[in-house]
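Residue-level structural notes
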Amino acid sequence: MSFKQSALYPSNPVTERGVATKLSASKDRILYANGKTVVIRDLKNPKNSISYNGHIQNASVARISPSGYYCASGDAGGTVRVWDVVGEEQTLKGEYKVISGRINDLEWDGESKRIIAVGDGKDKFGHAFMMDSGTSTGVISGHFKAVNAVSIRHQRPFRAATAGDDTGIIFHQGVPYKYDKSIKTHTKFVQDVRYAPSGEIFASVGSDYKIFLYDGKTGDTIEELLESPHKGSIMACTWSPDSKSLATSSADCTVKLWDVETRKAITTWVVGNGVDFQQVGNTWNGEHDLVSLSLSGDLNIFDVRTGDKPSRIIQGPQKPITAITSVPSSSDTFLAATADGRVLSYSKSTGDSTHVRGVHHTSLITGLASSPTANSGIFSTGFDDRVREIESDGIAFTSASVSLSSQPKSLAAAEDGSVFVAEINNSVEVFRSNQKVFDLPTKYTPSAVAVKGSLVAIGGEDSKVHLYQWDGKTLKDDVTPILQGNKAVVSVLAFSPDGKLLASGDSSGSISLFNVQERKLITSRWSFHSARVNSLSWTADSKHCASGSLDTHVYIWSVAKPMKNIAIKNAGPRGVNGVLWIDGGEGKTGQLVSSGADACVKVWEVTFHET
Amino acid sequence: MASSGIGVHPGCLQDYQTLQLGKKLKYIIFKFSPDNKEIITEKTSESDKYDDFIADLPEDQCRYAVYDFHYQKEGAGQRNKVCFFLWNPDAATIKSRMLTASSKDALRKSFNGIHFDIQGSDYSEVSYESVLEKVSKSF
């Protein structure tokens, strides 16, 4: 009776058009924010990634100290949190409210003692402080609009450069940091400023498409990089570890690599064409890898030794995951749907995720279900009021789709390929091969649907489970049309794989277990959740059922011993939306995935109770 | 936030640093450069007479100023507050008054550690007594 988190499949960074997204790197890992979550993604093995959920407001930037022991992350409320990255506990070292608005960037000094955080504020736009006590170590002044970036010279004498929307760069002397001079080179917003690791030189890039180099000690402007300029706002720049090359990412969809000594562009990578391919952030990782972020959220990894195209592209969810389902034809794959209408295909063995190709939904996906038979396809429905089909291998959407008469709440797929959709205008529509075959008007508002063989269960806002028989053409009332057990709106239904049991979760957090053959309630002891049950998943042997809830917990229930359960507390910050058994269920152990509002997928190794 | 696009000359920031950190300068007066492109320092002074400061605010032209205001708090000793002045006399031209108001943020927001903002359109609003009253209301 135990569990352990064995892997985390991370989300990708959240992006916003025209706003730079800060990425940072430490060893083989890169850091970024997704909503309130800070993600530390391991580039070599994504399963070893870490998520941090300490922020109350949306996080914006995270950087690991040069020593490698601590991470500092800033959020939209102006709070910087410094926390331990070495241990499992992520112990908080300090929390400092430094400015009144969003933190746009922060930087550690070379001794891992001081931090400068900058952003948008009312009275000041930046603050320099000690990481352990929060004591001020200088004044960041001279800006009169939001500051976008800060960089610190890691060698003595310490210097810091800040750059912002007021088109100016302010050069500070340290320590304590104080105003030295302002540098007026750019004519539009300055998006990024970065010191080379050697400290000899620093670079700035801006919305005026320009790149400038400055002396690291004095702040004097050395030169502008004029040859083969970018044709769009440059959102980020980053230095190679040997300080010889500079990489710039631009909204003109290109990434350029510059040789600093000769002031020439060595390589220009064209990532794509169109808004989705605008580059909004970058960071250097290791010796040769350069990571550049597309507006679509894709992380493009370039090997600087080779030209023409990214060596690989990392895809992942940008928005909360709303549903998970298995892919019957492939045991290594499962699918997750997101709040922005995308479906991702995950590989269990590698931890990689890729977008399902083809035309996707345009808004939140409410239902994702696969037909139990291997070749019948996988179906999804969302707030764009359409049902779309994904090919049975889980790689691409089929071209056809059908529209619904109103907003869908839930979807289920039968073995014969029929798709049942519960909708809020009191109807359940049935589709097969992209044709509507039946429409059942109901006296109650349906809120959940499940199907096993010819038996269709529909949960309603009347707190009842309604049973119907499906003969391939029409839905007819079952001999026992109503199962009663839940006390609140039925939110999710799941038949056990052997068809003998039906679990029904409701919006108050309790789950009722029904015997399907006898059409009666077995137990309502499965009531440990304190908020809406969002997802249910049965093990293949029908002996255990996992539930994920808005209360952030996952419980694993035993049919043989309804009193016993395994609680995975705080499995998904801000709510669990999907749970799925991806392995086992035969006997003593199983592998469960859970996901939700933090857009990360967690894998749990579960050891069941002795029976 | 309305902004006229007028910039701040780096010298202004330097002078402010001297006032704030050096404790020697008493006040700085800023004005627009002749071509109205920038805000520049007109005068820095170490005179601790408030009347000298008032005398430096012209009757018919707009100015910005920073004044390091010292006063005695009853039973609590010496206090000093750095005040930012927006001097916008009624006698100045409409154009310059509007320009002054819309360019204020560029200068004001570059300064850290200003305790009070004082707006004046005639001398009664910037007199020693009225400033003292406003400043001593706080701690």
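Every chain begins its residue count from 1, and numbering advances along the sequence as written. Chain A is the first chain written and ligand 1 is the first ligand written, with later ones labelled in order. pLDDT decides what is reported in this predicted model: residues at 70 or higher carry local features, side-chain atom pairs at 80 or more are listed and counted, and totals for whole chains, interfaces and linings draw on all residues regardless. Derived side-chain values reflect all non-hydrogen atoms in the structure, with water molecules and hydrogen atoms excluded from consideration.

Topic: the interface of chain A and chain B
Just so we agree on the cut-off: The criterion used for residue contact is that any of the two residues' heavy atoms lie within 4.5 Å. When two parts are put together, the accessible area they lose, computed with a 1.4 Å probe and summed over both, is reported as buried area. Numbering of helices and strands starts at the N terminus; helices are DSSP runs of H or I of at least 4 residues and strands are runs of E of at least 2. Following the grouping adopted for this structure description, the nonpolar residues are Ala, Val, Leu, Ile, Met, Phe, Trp, Tyr, Cys and Pro, the charged ones are Asp, Glu, Lys and Arg, and the polar ones are all others, Gly among them.
With 17 residues of chain A in contact, the opposing surface of chain B contributes 14 residues. Of the roughly 1200 Å² buried at the junction of chain A and chain B (both faces included), carbon and sulfur atoms supply 55%. Looking at which element gives the most residues to the side of chain A that touches chain B, the answer is strand E16 (residues 178–183) of chain A, with four residues. When the residues that make up the side of chain A that touches chain B are grouped by side-chain class, the tally is six nonpolar, four polar and seven charged.

Observations regarding the UniProt feature "repeat: WD" (unreviewed entry) in chain A
The line we're drawing: UniProt positions are given in the numbering used here, feature names are shortened, and annotations may be inferred rather than shown by experiment.
When the UniProt feature table is mapped onto this chain, "repeat: WD" (unreviewed entry) is found at residues 52–93, 183–224, 227–268, 483–524 and 526–559 of chain A. This span, residues 526–559 of chain A, is 0% helix and 53% strand, and a straight line between its end C-alpha atoms measures 10 Å.

Observations concerning the environment of Pro317(A)
Residue and element names in this part refer to chain A. Residue placement: proline 317 occurs in the loop between strand E28 (312–314) and strand E29 (321–326). Residues proline 317 and threonine 137, spaced 180 residues apart in sequence, show a C-alpha to C-alpha distance of 39 Å. The residues touching proline 317, leaving out its near neighbours within four places in the chain, are Pro10, Ser11, Asn12, Asn34, Thr338, Leu344, Tyr346, Ser353 and Ala599.

Concerning the environment of Asp298(A)
All names here are of chain A. Inclusion rule: Only protein chains enter the area calculation, which uses a 1.4 Å probe; residues under 20% of their type maximum are buried, those over 50% are exposed, and those in between are partly exposed. Each polar contact in these results corresponds to two N or O atoms within 3.5 Å; when the atoms are within protein, one needs to be able to donate a hydrogen and the other to accept it, and residues that are neighboring in sequence are counted only if both atoms are side-chain atoms.
Topologically, aspartate 298 is positioned in the loop between strand E26 (289–294) and strand E27 (299–303). For aspartate 298, a relative accessible area of 11% gives the class buried. Put simply, aspartate 298 and histidine 355 are 57 residues apart on the chain and 9.9 Å apart in space, counted from C-alpha to C-alpha. Not counting the four nearest positions on each side in its chain, aspartate 298 is found in contact with Asn12, Ser292, Leu293, Ile313, Ile314, Gln315 and His355. Polar side-chain contacts of aspartate 298 include one of 3.4 Å to the side chain of glutamine 315.

What to know about the sheet that holds strand E51 (residues 554–558) of chain A
Strand-to-strand pairing in sheets goes through backbone hydrogen bonds, with the strands running parallel or antiparallel. Residues and elements named next belong to chain A. Filter applied, for reference: When DSSP finds at least two bridges between two strands, those strands are taken to pair. As a rule, the C-alpha atoms of each element are fitted with a line to give its axis, helices using only the stretch in contact, and angles between N-to-C directions run from 0 to 180 degrees.
Across the sheet, which stays open at both edges, the four strands sit in the order E49-E50-E51-E52 with antiparallel pairing between neighbours. A single partner strand is all that each edge strand has here, and the edge strands are strand E49 (533–538) and strand E52 (565–568). The mean angle between the axes of side-by-side strands here comes to 15°, regardless of whether they run parallel or antiparallel. Examined bridge by bridge, strand E50 (residues 544–549) and E51 share five bridges and lie antiparallel to one another. The partner of glycine 548 across the bridge, within E51, is valine 554.

Focus: the confidence of the model for chain B
All names here are of chain B. Selection criterion: Residue-level confidence of the predictor is summarised by pLDDT, bounded by 0 at the bottom and 100 at the top.
Put simply, chain B has an average pLDDT of 88, and 97% of its residues get 70 or more. Highest mean pLDDT in chain B belongs to strand E2 (residues 27–32) (94); lowest belongs to strand E1 (residues 7–8) (86). Across the whole predicted complex the pTM is 0.88, and at the interface the ipTM reaches 0.77.

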